[in-house]
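The chain contents come next:
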Amino acid sequence: MSTWASWTLLIAGAALLLAPGIAVLLGWRPGRLARADAPPRLLGAAGVTLYGAVLTDEVARLAEAPSDY
């Protein structure tokens, strides 16, 4: 994957996963989530955790870490 693609994933992940995940953890409930039976804080924690996984993977690629696991 190219450096450009890695940066794009990090920026898109921050906009689509991290920001809403933190907002939900702080108590914001969007319209669809307010009517759902799902626990909103758990969904926010899942979004932040998923962004952490993306961040870990992409930072390793940007640092050109060896991929032979």
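Note that the structure is predicted; figures quoted are calculated from it, not measured.

> Looking at this structure, I do not really get the packing of helix α1 (residues 3–25) against helix α3 (residues 40–62). What am I missing?
Each pair of packed helices can be summarised by the angle the axes make with each other and by the distance between the axes. In the contact formed by α1 and α3, the axes pass within 8 Å of each other and the chain directions differ by 160°. Here α3 runs roughly antiparallel to α1, going by the angle between their axes. Crossing of α1 over α3 shows left-handed handedness.

> What exactly am I supposed to notice about the pattern of salt bridges here?
In a structure, side chains of opposite charge can pair up when their charged atoms sit close to one another. Throughout the structure, instances matching the rule amount to two salt bridges. The partner of aspartate 57 in a salt bridge is arginine 61, and the shortest N-O contact between them spans 3.7 Å. Here arginine 61 and aspartate 57 lie together in helix α3, a separation of four residues that amounts to about one turn. Among the ionic pairs, glutamate 58 bridges to arginine 61, the shortest N-O distance being 3.9 Å. Highlighted residues: glutamate 58 and arginine 61, both in helix α3, separated by three residues, approximately one helical turn. By relative accessible area, arginine 61 is classed as partly exposed at 40%. Connected via shared salt-bridge partners are Asp57, Glu58 and Arg61.

> Help me understand α1 in this model?
The α-helix advances 3.6 residues per turn, and as a result positions three or four apart in sequence lie on the same side. Relative to the 33 Å expected for 23 residues at 1.5 Å per residue, α1 spans 31 Å between its end C-alpha atoms, a close match to the ideal helical length. Taken as a whole, α1 carries its principal kink of about 40° at alanine 14. Three or more residues of α1 are buried, namely Ala5, Ser6, Leu10, Gly13, Gly21 and Val24. Of the residues trailing α1, glycine 27 is marked for its positive phi of about 115°.

> I tried to follow the environment of valine 48 on my own but got confused; where do I start?
Inspection of the secondary structure assignment puts valine 48 in helix α3. On a C-alpha basis, the gap between valine 48 and proline 20 in space is 8.7 Å, while along the polypeptide they are 28 residues apart.

> Before we go on, may I ask you to explain α3 in this structure?
Here α3 contains 23 residues, and its C-alpha end-to-end distance of 33 Å stays within 8% of the 33 Å for a straight helix at 1.5 Å per residue. For α3, every residue scored as buried is listed here: Pro40, Gly44, Gly47, Tyr51 and Glu58. Positive backbone phi, at 55°, marks glutamate 64, one or two positions downstream of α3.

Criteria and thresholds
Throughout, residues of each chain are indexed from 1 in the direction in which the sequence is written. Per-residue local features of the predicted model are confined to residues with pLDDT of at least 70, and side-chain atom pairs are confined, for both listing and counting, to 80 or more; whole-chain, interface and lining totals are unaffected and use all residues. Where side-chain values are given, they derive from all heavy atoms of the structure, hydrogens and water being excluded. In this description, a line fitted to the C-alpha atoms serves as the axis of each element, helices being fitted only across the stretch in contact, and the angle between N-to-C directions of two axes falls anywhere from 0 to 180 degrees. Strands are runs of DSSP state E lasting at least 2 residues, helices are runs of H or I lasting at least 4, and numbering of each runs from the N terminus. In these notes the angle categories are as follows: under 35 degrees is roughly parallel, over 145 is roughly antiparallel, 65 to 115 is roughly perpendicular, and the rest is oblique. In this scheme the handedness of a crossing depends on how the near helix is turned from the far one: anticlockwise by less than a right angle means left-handed, clockwise means right-handed. What counts as a salt bridge is simple: a side-chain nitrogen of Lys or Arg found within 4 Å of a carboxyl oxygen of Asp or Glu. The classification of residues rests on relative accessible area computed with a 1.4 Å probe and restricted to protein chains. Under 20% of the type maximum is buried, over 50% is exposed, and intermediate values are partly exposed. To estimate how far a helix should extend, the number of its residues minus one is multiplied by 1.5 Å. The angle separating two fitted axes, one through the seven residues that finish at a residue and one through the seven that start at it, defines the bend at that residue.

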